[in-house]
Amino acid sequence: MHPSTLPSPILFGCERAFDVEHLLAMAPATHLREGERSLLGLVLPVWQRPAVWTRQQQVRFVEGIFLGLGTGYYVTTEWDWDHDGVRQPWAGLLLDGQQRLSALRAFAAGEFPVFGSTRFADLSLAERRRRFYRVSFPSIEMGATDEATLREIYDRLNYGGTPHAANQRATGGRGGAATSSDAAISLERAMAMADHASPLPAEATAALRTLRGRILELEGASRHDSLAERAA
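Sequence order sets the numbering: in each chain, residues are counted from 1 along the sequence as written. Per-residue local features are limited, in this predicted model, to residues with pLDDT of at least 70; the limit for side-chain atom pairs, both in listing and counting, is 80 or more; totals at the level of whole chains, interfaces and linings are taken over all residues. Hydrogens are left out, water is left out, and the side-chain values use all remaining heavy atoms of the structure.

Here we take up helix 5 (residues 147-158). Here helix 5 contains 12 residues, and its C-alpha end-to-end distance of 16 Å stays within 8% of the 16 Å for a straight helix at 1.5 Å per residue. Each residue is assigned to one of three classes by its accessible area relative to the maximum for its type, calculated with a 1.4 Å probe on protein chains only: buried under 20%, partly exposed between the two thresholds, exposed over 50%. Secondary structure follows DSSP: runs of H or I at least 4 residues long count as helices, runs of E at least 2 residues long count as strands, and numbering of each begins at the N terminus. Taken together, the buried positions of helix 5 are occupied by T149, L150, I153 and Y154. Down the axis of helix 5, the sector holding all buried residues measures 140°, keeping them to one side. For helix 5, the exposed residues set more than 90 degrees away from the buried face come down to A148 and R156. By definition, residues are in contact when any of their heavy atoms lie within 4.5 Å. Of the surrounding secondary structure, the elements contacted by the buried residues of helix 5 are strand 4 (74-77), strand 5 (94-96) and strand 6 (136-142). To estimate how far a helix should extend, the number of its residues minus one is multiplied by 1.5 Å. It is the directions from the helix axis to the C-beta atoms that the arc portrays.

Counting buried residues along helix 3 (residues 98-108), nine of its 11 residues qualify, which places the element largely inside the surrounding structure. Among all positions in helix 3, only Q98, Q99, R100, L101, S102, A103, L104, A106 and F107 are buried. Residue G110 follows helix 3 closely and has a positive phi angle near 80°.

A few words on the pattern of salt bridges. We define a salt bridge as a contact between a side-chain nitrogen of Lys or Arg and a carboxyl oxygen of Asp or Glu at a distance within 4 Å. Under the counting rule described, the total for this entry stands at seven salt bridges. Where R156 meets E152, a salt bridge forms, and the shortest distance between an N and an O atom there is 3.0 Å. One end of the pair, R156, and the other, E152, are both in helix 5, four residues apart, so they sit about a helical turn from each other.

Here you go:
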């Protein structure tokens, strides 16, 4: 039997799953060292990049939760303390998930709406519990390891992907650039999916329908201008 040339796994640990409400209710992390930051009870290491998602990226992530697309998972290291009650250097670190957890916190704080105009405060208590607070956000909690391994895990989880070009979007229509009609259809499907799971507030429904009408109106005006240019 030939010896394996594959390296041993570097990401492994205890699989956990807390709901969104639990994550948002966590007390801020304490015993931070110089350069570290706290996010929802977890510690961002000094080499963790700052929050970089745009507001639109945050909106799309939170909307995906309401549409049943899930949250993905985040990666942490386990908590550990010395005999004097001081946090161990690599305990409680958030290695992956900062952007998504920041988006959850911002939406719950009322910093932005989803689906056009629906803010957290607009949701009924049932909607908050069933479609936001009770959503499970799985994680992998790693045991103690060395800094070099943690840095490699962070790099491999956060770098190397190739962003999609505009003409590669699945909603763009047969490989072409996305049109206003595509956007209107996507919006209409999202409304139907959300309303099927739990009726949207009347104000949100009205706003989304107005947005859909405006999208189609703009496309109609664009086509009219294009035809006029060709005729000229």
